[in-house]
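Inside the fold
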Amino acid sequence: MEKKMLFPKTGGLLHGGDYNPEQWLDRPDILEEDVRLMKKAGVNSVSMGIFSWSVYEPAEGDYHFDWLERIMDRLYENGIYTVLATPSGARPAWLDAAYPEAMRVSSRGVRDRHGNRHNHCMTSPVYRRKTEQINRRLAERFGSHPGLILWHISNEYGGECYCPLCAKRFQQYLADKFDHDIEKLNKAWWTVFWSHRYNSFDQIEPPYENGERSVMGLNLEWKRFTTWNTTDFMKAEIAVLKEITPDIPVTTNFMTLYDGLDYRRMAPELDVISWDSYPSFHNDGEPFFETMAENAFHHSVMRSMKKDKPFMLMESAPGLVNWQAFNKLKRPGVHKLACLQAVASGSDTVQYFQWRKSRGSAEQFHGAVVDHRGTEDTRVFREVAQVGEMLQKLRPVAGTTVKARTAILFDWDNRWAIQGMQGLGRETKRYEETCMGIWKEFLKMGVEMDVTAPDQDLSDYDVVIAPMLYMLKSETAANLRAFVEGGGQLLATYLTGYVDQDQLCFLGGFPGDGLAELFGVISEEIDTLYPSDRNHIRFEDGREWEVRDYAEVLQVQDARVLASYTEDFYQGMAAVTCKETGKGKAYYVAARTAPGQMAWLFEQMLKEAGISIRQLPAGVEYHVRSGEEGTYEFYLNHNTHPVKVENVQGPDLESGAVVQGDLELAGLCTAVIRLQGTD
Amino acid sequence: MEKKMLFPKTGGLLHGGDYNPEQWLDRPDILEEDVRLMKKAGVNSVSMGIFSWSVYEPAEGDYHFDWLERIMDRLYENGIYTVLATPSGARPAWLDAAYPEAMRVSSRGVRDRHGNRHNHCMTSPVYRRKTEQINRRLAERFGSHPGLILWHISNEYGGECYCPLCAKRFQQYLADKFDHDIEKLNKAWWTVFWSHRYNSFDQIEPPYENGERSVMGLNLEWKRFTTWNTTDFMKAEIAVLKEITPDIPVTTNFMTLYDGLDYRRMAPELDVISWDSYPSFHNDGEPFFETMAENAFHHSVMRSMKKDKPFMLMESAPGLVNWQAFNKLKRPGVHKLACLQAVASGSDTVQYFQWRKSRGSAEQFHGAVVDHRGTEDTRVFREVAQVGEMLQKLRPVAGTTVKARTAILFDWDNRWAIQGMQGLGRETKRYEETCMGIWKEFLKMGVEMDVTAPDQDLSDYDVVIAPMLYMLKSETAANLRAFVEGGGQLLATYLTGYVDQDQLCFLGGFPGDGLAELFGVISEEIDTLYPSDRNHIRFEDGREWEVRDYAEVLQVQDARVLASYTEDFYQGMAAVTCKETGKGKAYYVAARTAPGQMAWLFEQMLKEAGISIRQLPAGVEYHVRSGEEGTYEFYLNHNTHPVKVENVQGPDLESGAVVQGDLELAGLCTAVIRLQGTD
Amino acid sequence: MEKKMLFPKTGGLLHGGDYNPEQWLDRPDILEEDVRLMKKAGVNSVSMGIFSWSVYEPAEGDYHFDWLERIMDRLYENGIYTVLATPSGARPAWLDAAYPEAMRVSSRGVRDRHGNRHNHCMTSPVYRRKTEQINRRLAERFGSHPGLILWHISNEYGGECYCPLCAKRFQQYLADKFDHDIEKLNKAWWTVFWSHRYNSFDQIEPPYENGERSVMGLNLEWKRFTTWNTTDFMKAEIAVLKEITPDIPVTTNFMTLYDGLDYRRMAPELDVISWDSYPSFHNDGEPFFETMAENAFHHSVMRSMKKDKPFMLMESAPGLVNWQAFNKLKRPGVHKLACLQAVASGSDTVQYFQWRKSRGSAEQFHGAVVDHRGTEDTRVFREVAQVGEMLQKLRPVAGTTVKARTAILFDWDNRWAIQGMQGLGRETKRYEETCMGIWKEFLKMGVEMDVTAPDQDLSDYDVVIAPMLYMLKSETAANLRAFVEGGGQLLATYLTGYVDQDQLCFLGGFPGDGLAELFGVISEEIDTLYPSDRNHIRFEDGREWEVRDYAEVLQVQDARVLASYTEDFYQGMAAVTCKETGKGKAYYVAARTAPGQMAWLFEQMLKEAGISIRQLPAGVEYHVRSGEEGTYEFYLNHNTHPVKVENVQGPDLESGAVVQGDLELAGLCTAVIRLQGTD
C-alpha cells in the first residue's frame, strides 16, 4: 500500500489549502497566529507561491526568496508541509511592460493590455524563458527543503491566444499533422465547399472573429492545437523542475469539464491529477442531491484519468465563493459532506482556496478558513476543524483506490465536434448534460462508473455506455467492436458515428465505420424536436419512455427491436434495438429520453454482467475504496432527514462504533465502514 | 404563350437544384451515379459553379474548365440543363492574399480576414476586375453550350462594407444626389440639430459603430447607397455576360424580405426573378398554415416584381435545413405541398439546395436529394421523385401568370425609415409583420393580392391597402390621390404620412403632403401602448376591434366616422373613418388591431369593388394562373385532415380525374384544376 | 426672501424651455409665431445655444452671433428671459477634423469617429482651448444683455475617455492622491493579490476592456477620476464666464442618479442645481403613484445638494419623449401634476425640452410645446398654457425652501463600491432601489426627507437611515457616532461597514471602524438568497417581515434584540437590534425586507424624535415650502379618483378658495394652501 500513498511523509491524507503569506509580510503577528490556527484546524499542508511572482522578483532579475524560506521553515517545524507553485499564472507588471509579446491577442486580433491573470501567450519564447528562469530559481532554492512535497504547476491553465507567434505555430502544427501536404488538409477539411481551398499552410489563420469561422476542420484543429500548445508550455515548466528535483511529483489543477483543454492530453505529463471543485450548493435550479451527484461525476472524471492511484482535491471553498451568480452560504454539515465525498471518490487530499481572506481585491469575499475578523470563533472555522479531526481518523484510507466495472465514454474531441456541427437544435445538443445524467443513474444504483475515452482500453469494463458518440476517431469503432465481441455490453444512442476524426461524414450510412453492422441498424434521418414537441417509445411489456429533442428514424438490418415509437410519421418504427455479437450485446437507443427512464435498461445490462446493484435510500451516495490493506465503504446522506441503510457490517472509522445490519445516518451525515476480513 | 415560358428548351417547368460535382472529381463513380439518380428523380436542370472559383482558378490566371465541360456534356446528353453561376460569392484564398482590398471592412472599421463567403467589397476595383475576368472566361467557354439556359449571378448578395473605398464612393454618391451642394444635404438631414452641420461632403463618413449614428438622413442614405452599390456591382457582372451571350437570361437569387437590399432597385437589371425559400416548417410558434401562408406572401413579393412573367423558386430544401434554431424534418407530403405552392404562386421552377450533401464543412447536414448514404432508398429521395412526376403533368401551366386586382404597399425605404425612427415602441413597430398579417387575410379569402411599392402604377388594382405608410416619397401622395379619384378603394392606417423621403416631418399636420385632405383627418397624437395595455374600437353596429400597440388621436375634418374608441382619454373619438373622393374611397384606421378583425372591413371593400371572394375551408390555399392557353386553379390543403371544397369544375392535372362540384382533398394534399372553356 | 429667489428679474417662477431658433433662421414667420405662442403659453424664459456651435462658428474662427442677438432682443421685448448655454455639448464637424484629440477613445482603446454628442475628451488641451474661446466670445457678446439670467454650462455631462491624454492625467491624479508613493497605492489596492504589484505610476492604465479589470481600487479610482476630470473641465468652462460676468449665476443640468458622475463633487462649483426629469409615466411595471414618488425622490436628491435655496427643473417633456422603450402619451392632467410636483419639491422653475419640435433628426418626435403642425390647437399646448397660468398664481412661493428633519444616506462612492464588489447576488444588489424604496415610505407618511451623503453635517436631522452602507470613508463612522450620541436615531442595515474608502476590508469584524460597538453587533456571515428563497423575521409582538436576497448572521454584543429569524440554520438568531448610545439610538436591520414592512419601525423612530406624520389618503403626495414670507402646503392627488384630505386650513393659491377642514381633490388634481399666520 505504501507505494500508492501520494505523500508518504504525511502518513495519510492532506488537509490544507492555498496560503498567501506574502500579503501579510508587514504583519508578523498575523503570520504567527496563522500557525496557531492551522494546528487548531488540523491542517498539515499549504499551497504557496501561486501568485507570488511580483514578490519573488519585484523587478527583473531581483529575486527575493528569504521570506518564503522563513515561512516554510516555520510551518515545517509545526508539521505543516508545502505544495509549491510555479508562479506563471500571473505576470508582474514589469514583465509585460518589457516584453509585450507575453500578453495574449484575442480572437478579435487585438493584443490584451496588462492585467488580470491566466492570460499569457503559450507560445511566446520570452515568456517561456522567464518562466524557466523563475522555476529554476525556485527549484534550486526550495527543491531540497524537507517541507516540500509537491510542485503545483502554474494555476488553472486555460484560454487561447491569437497572436502572430501562435498563428505561425498553428501553421507548423498543421503542416506536421498533414505531412506538409496541403492537399491532404484540403481533403480532410473539405475546403472545396464554398471555394475554401488553401494553396499553402501559410494561408491558414486561426479562427479570428472577423476571419474564417465556417471551416469546421479549422475550428476543431484550433482547439486541438490549443491543448497541444498548452501542454507543451506545461511540459517546459515541468522539465526544469524534474531536472533539479526528479523525486518531487508534479500536478496542475484542473477545472471540472473545462471546455478549452482536453485534459486527457495533459494527464500523461503529470504525476498526480488534481482539481478545483466549486459546486453551486443549494441553488434554486435543482435538488441538493443533484448538485452533489454532479460533483461526484466530476470526481469520477478526474479519478479515471489515473485509475491506479488517488487524485487530489486541490481547491474547494470553506464557507462560500464570491463569483457565482448567487453566493449562498453552505449550510452546516455540508462542508464535511463535500470533503468526505472527495475522499470517497478517491481523493487523498482535502484542500481549500483559501486559508485566510485577502483584505482587498477581486476575491476578498471568497470563503476562507480564517475570516477578516481573524478569529477561530466562526462557524466556518469550527467546521473546518471538524474535517481536520475526521481526516485524522481516515488515515488508513490513504492510498486505496476506487475500482469500476462500468464506464461511460466522454470525449473532448467529440464534444467539440458536436458543439461545432451545424444542425440539430442550437440549444438542445447537451452532450455533457446527457453524459452526466446517465452517470448519475449508476451512482443512484450504487455502481461505480469510470468516465473514460472511446479509444482507451475497455478491458476492465463489463458495461460501457457511449452517449452521442458523433465522432468516431480512427480506433474507436474497432475498440467498441472488440469490446462487444469480447463479451461486453455496449449501449449507444442517436447521433452515433456520423463523422470521422476530421468531421467528414461517413458515406454509406450512419453509424459509420462498420458500426451499422455492430448495432444492426442504419439511421436514415434524425428529427430535431422543438422544445414543446414530444413523442414516446413503447416496449413490448407496455413500458413507455418519453422522447424529447431528438429521434432518429432507423432502418433495422439484423437487430432485435425492443421498443418502437408511438407517434408521428415514424410511429411503429424501431426506437430501441439490440444485437448480439460474439459474447456481447450492442444496444442502440435512437431517441433522447430522461436518463431516469433508461435506468431500467441499465439494470438489465448490469444484471447480465453480474454486477450487483446496491439498494440505497434515495439521496444516499455510496462508494468503495480498496487497497492491499483494506476495503472501505463510504455512505453519504445528502438528505436533511435521517435514513437507514440495510446490510452494513463493520466498524465506522469516525465514531469507532461497529455497525451490524442497519446503518442509521442522520441528515447530512456520513459513515466510513471498514469491511471485515480486509485487513 | 410560348413567349412567356421561361425556358422553352425544357418544354415546361424546371426541376433540379444546386449541384457541386467539383467536390467529387476524384469519385467518377459518384458522378456517374448522380446522372442515374437525377433521371430517376425527374430532374431536368442543375445549378453549378456557385462556389467553384478555387477549382476554376486554383492559382491566379491558371484556369481549369474541362471538368465542368465534361459534366455539362454528360448531363445534357441525359436531358439535364445547366444554370451556370458566376462565382463571385466566395473568393479563393490566393485572391484575398494578393488583394486585401477585396475583403470587407466592418462597421467597426476593422478589415475582415479571409474566410466565409458573401463578403466581398462591392466597390473594390480589383475585385470587380477579377470578377469580370472569370465571368468573361466562363461566358466564352460555356456561352454557346446547348445545355446552358440561365446565368445565376453570384449568390445571395448582401451585407455592407465600410472600407475607405466604399466611404469615398458614398461621399460621391451623396454629392451626386445633393447636386454637389452641401447645404442641400444639411437641410435635408436637418444637421443643425445637435450641431451636426457638415462643411463639405468629404467630412461625411459611413455610420461606423464608433461614429455618427444619430443623423437619420445619414443612416437611411447609407442603406440606399448599399443597394445602389450592390446593384452597380451586379450590373458589372451582368454586362460582360450580356456582351458575349445576349440571349441567355440572367437572374440572381433573392432572400425573402432581406432587409439590407431594396430588391426592387435590383429587379430591373434582371431578366427573371428568383428566390430561395426556407420556411421553418412545423415550428412551435405558429400553426402550420401560418408558416405556409407566410411563404405564400414571400412568393407574392417576388412575383409582383415582374408581374408579366413567371418567377423561379431557385432554392428550397429537400428534407430539412441545418441552420435554423431547430432543424426539424419536413413531414411526409409537405415537400410536395411546398413545391406546388411555388408553382401555384407563379413559379415555373422547383429547385433545391442541394442535389447531394457535402461530405464536410458548414452545410454537411443541410438536406439534399441524395444523402451521405448515397442511395435512392430514402424517404426524401422518394418524395422528390414524386414531385418530378407531378411537374411533368403540370407542363401546360408553364408560362401562365397570376393576376391580382388587389395590392398591398410594402416599401424598403419606408421600412428602413420606420426602423430608424426614434419613437413609438422599440419592440412593437412590426412593419413587416403588419403587412404580412393583412396579406394573409386576403389569402384566406381566396383573393390574389400583389405586394407592390407606393410609387408603382396602381391602375391594375381596385383595392389597395397601405399599412403604416410613414414615409411619403415625392410621388406617393399624388399616386394615392389619383388612385382614389380614379375609383380605387384605399385603406391607410396609423403612422401614415409623417415624413418625406428625407425623413423630414411634414409641417401642418399628419398625414402630410395633402393626404390629410384625401382622408379627411388630422392625426394629432399617436399613443404608444405598453404590451399589456388594451383599448377597443366600436362600430355603429356594435362590432368591436381590440386595439394594441398604437392608437392615434384624430381630428376629423370632413371624413365620415365609422368607429370610435371605447376607452381612455380618447374615448368616443374617431378611430376608423372613410371619405369619398372622385369615384373612390379613402379609409383611415387609426389604431392597430389584429388583421383578422379587419377582415370584415376588407370584405366590404372587395364587395364594393366587385371582386369575388372564394369560399374556402380553413387551412386551404387557393391560386389561379392563366395565360393564352388556359386557366388553372390550384388548391392546397394545409390541414392534416381531409376537406371538401365546393363549386369546383374540371379535370385534375395530376390524377386526370374530372371534378364536378365537390373537390375532396386528403390531408396535406393538392389539386390543379384546368378550368373548362379555357383551352 | 428676496435673497433666495433665484431670478429676481422675473419676479417669480420660471416657465419655459429649450428653444432652437437656429433651426428656423430661414423661416422668420415661424420665429415670429413662436413669440406669439410663447406669450400665449405663459412662457417667460427660454434656454438657447445648447447645440449651436456649428451655427455660431460654422468654420474655425468665423463667428456669427447676430442672429442670436436679434432673437434675444425680440424675446426680451416680450418679457421672455434667456438661459444661455455654452455649446461644448456637441462639436462642429470641422473641429473634429482639425483636432482629432477632441474625440474620445472608448474603453476598447479605439478613438471614436466624429458624430453624436456629449462625447468630447475632458482632458484635451485643444478642446479646452476651443471651448474657452467660444465661451469667452459668448460672454463678451451677451454678458450684459438684459435678457440674460443664467449660464447653462454644456449639457448633461457624462461618459468617460480612455485616450492617452486621459490615461496620463489619470496617472498624475493617482500620483497626487497617493503622495507620489507607489507603495501606498500598492497597499491601498492590495495589489499583492494575483501578483498585481506596480513598480511605478506610469505602469497603471485605465481599466480598458482588454486590460486590467480585476483590481478593484483601480476601477473605483477611475470613476473618481472621471468625476474629478469632468468637474475640472466644467470649472474651466465656468472660469471664463465668471471672469466676464461675475453676477450671472451658473448651473449645469444633472440627470437623476446618473451613475457616471458623483454630482456632489460638482455641486460646489455651481450657483444653482438644475436637472432633467423624464419619468416613464403610465408604464406597465408599477402603479402611477410609484412613478411619481420615484420622481419626487430625484427632486429630493437635487434639492438636498443645496438645501438653502430652490433648485431648477431644467428639462421635462410636454406630451411624451421619444427615446424610452415605449413612448406613451401623458394622460390629461399629468403634465400639470408633474410640474407642480417640481415646485412642491423646491424647484423655482418649470422648464421643458423643448419649445418646438425639430423637423428632422434623432429627436424629431420628442414632445414639445409646439408640434410639427405648428398650431396652438393641440391638447399639449393647452395643458402647457394652463401650467403657465398656475405658475403665475404661485409667484409668492418663489424663494421658499423645503426643510427636512430626516435624511437618508446615499453616496456615489458607496454605490460604485457595491457595484464593483465581487460577491452577493449579481442581479440583486439593488442599492439605489433600496434607498429609493425606503425614501418613498417617508413620502407616504408625509414626512420630508433629504437625500444626503454619509460625511455631510447631520445636525439638522433627528432621524437618519443608512441603507447598505458598505463603504465607510474616513469620516463616516465618526460622523454617525456623533449623530447618535447627540440624540439622533440611526438605522443601518445588512452590508454596513465592510470596507474602507479604498475598499480594503475592515479587520476585526463587521461593521468596521468602531461601528460594531455603536450597533452592539458583529456580522459574522452574510447569506445571499436565491430569488425563490425566503426567510422571515419575527418581532416579540408576533409581527413578521419577509426576508429576501440577504440575511446576515449576527453575533450580538450588547444590543437589544427586537426580532429574530424564524427559519433556516440561523433560526432564532437576532435579525433586528437596537442599542442606545448617548442620547440616541442605533438600530440594525440584518436582512432585506420590503420597505413597506419597515414603515412601522420608521414610525416608531419618528414618534420618538417628535416628528409628526401627516395622515394622507393613499396616493397623495404632500410637501411644505417655507420662507420668511410664508409657508405653503402642496397636495398632489396621484389617483384618478377624488380624495379628501382632513385638517387643511387656508386659501388655495390656484383657485383662491379658502379651505377649512376638508380638502377635496379631484382625480389627478392639486392644491397649494397658504398656511395662515405665516404672512
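Rules behind the numbers
Residues numbered from 1 in each chain as written. Chains lettered and ligands numbered in written order. Predicted model: local features only at pLDDT ≥ 70, side-chain atom pairs only at ≥ 80, totals over all residues. Heavy atoms only, no water. Least-squares fit on C-alpha atoms with pLDDT ≥ 70 in both. Contact = heavy atoms within 4.5 Å. Pairing = 2+ DSSP bridges. Helix = DSSP H or I, 4+ residues; strand = E, 2+ residues; numbered from the N terminus. Buried area = accessible area lost by both parts, 1.4 Å probe. Salt bridge = Lys/Arg side-chain N within 4 Å of Asp/Glu carboxyl O. Polar contact = N/O pair within 3.5 Å; in protein donor to acceptor, adjacent residues only side chain to side chain. Nonpolar A, V, L, I, M, F, W, Y, C, P; charged D, E, K, R; others polar. Expected span 1.5 Å × (residues − 1). Bend = angle between axes of the 7 residues up to and from the residue. Buried < 20%, exposed > 50% of the residue type's maximum accessible area, 1.4 Å probe, protein only.

Here the focus is the relation of the copies chain C and chain A. Note on the identical chains: chain C maps onto chain A by a rotation of 120 degrees and an axial translation of 0.0 Å, with an RMSD of 0.1 Å. Interpreted geometrically, this transformation is the action of a three-fold axis. The position closest to the rotation axis in chain C is occupied by the C-alpha of Val 110 of chain C, lying 6.2 Å away. When the interface residues of chain C are mapped onto chain A, a mere 2% of them are again interface residues, pointing to distinct binding faces.

With that settled, the discussion passes to the sheet that holds strand 1 (residues 14–18) of chain A. All names here are of chain A. With parallel pairing, 9 strands are arranged side by side in an open sheet as 5-4-3-2-1-9-8-7-6. Both outer strands of the open sheet, strand 5 (250–251) and strand 6 (253–254), are each paired with one neighbouring strand and no more. Here 4 bridges tie strand 2 (residues 45–48) to strand 3 (residues 81–85), and the two strands are oriented parallel to one another. Bridge pairing in strand 3 links Val 46 to Thr 82.

This paragraph deals with the interface of chain B and chain C. Facing 57 residues of chain B, the contacting portion of chain C comprises 56 residues. For the pair chain B and chain C, the summed buried area comes to about 4,900 Å², and 52% of that belongs to carbon and sulfur atoms. On the chain B side of the contact with chain C, Trp 190, Trp 194 and Tyr 530 of chain B bury the most area, a combined 17% of that side's loss. Run the count over chain B and chain C and you get 6 salt bridges. Between the two partners, chain B and chain C, sit 33 residue pairs in polar contact (both at pLDDT 80 or more). For the side of chain B that touches chain C, the secondary-structure elements that each account for two or more residues are strand 15 (499–500) and strand 16 (521–528) of chain B. Ranked by residue count, the leading element in the side of chain B that touches chain C is strand 16 of chain B, at 6 residues. Of the residues belonging to the side of chain B that touches chain C, the class tally is 26 nonpolar, 18 polar and 13 charged.

This part is about helix 17 (residues 595–609) of chain A. All names here are of chain A. Here helix 17 contains 15 residues, and its C-alpha end-to-end distance of 20 Å stays within 8% of the 21 Å for a straight helix at 1.5 Å per residue. At Leu 601, helix 17 shows its maximal bend, which comes to roughly 30 degrees. Here helix 17 has its buried residues at Met 598, Ala 599, Leu 601, Phe 602, Met 605, Leu 606 and Ala 609. Among the residues trailing helix 17, Gly 610 stands out with phi positive, at a value near 70 degrees.

The interface is formed by 57 residues belonging to chain C together with 56 residues belonging to chain A. Between chain C and chain A the total buried area reaches about 4,900 Å² when both faces are included, carbon and sulfur atoms providing 52% of it. Considering only the surface of chain C that becomes buried against chain A, Trp 190, Trp 194 and Tyr 530 of chain C emerge as the three largest contributors, covering 16% of it. In this structure, the connection of chain C to chain A is made through 6 salt bridges. Ionic pairing is found between Glu 205 of chain C and Arg 113 of chain A, a salt bridge with its closest N-O pair at 3.2 Å. Across the chain C-chain A interface, the total number found is 33 residue pairs in polar contact (both at pLDDT 80 or more). Elements with a minimum of two residues in the side of chain C that touches chain A: strand 15 (499–500) and strand 16 (521–528) of chain C.

The values reported here are purely geometric and, on their own, carry no functional implication.
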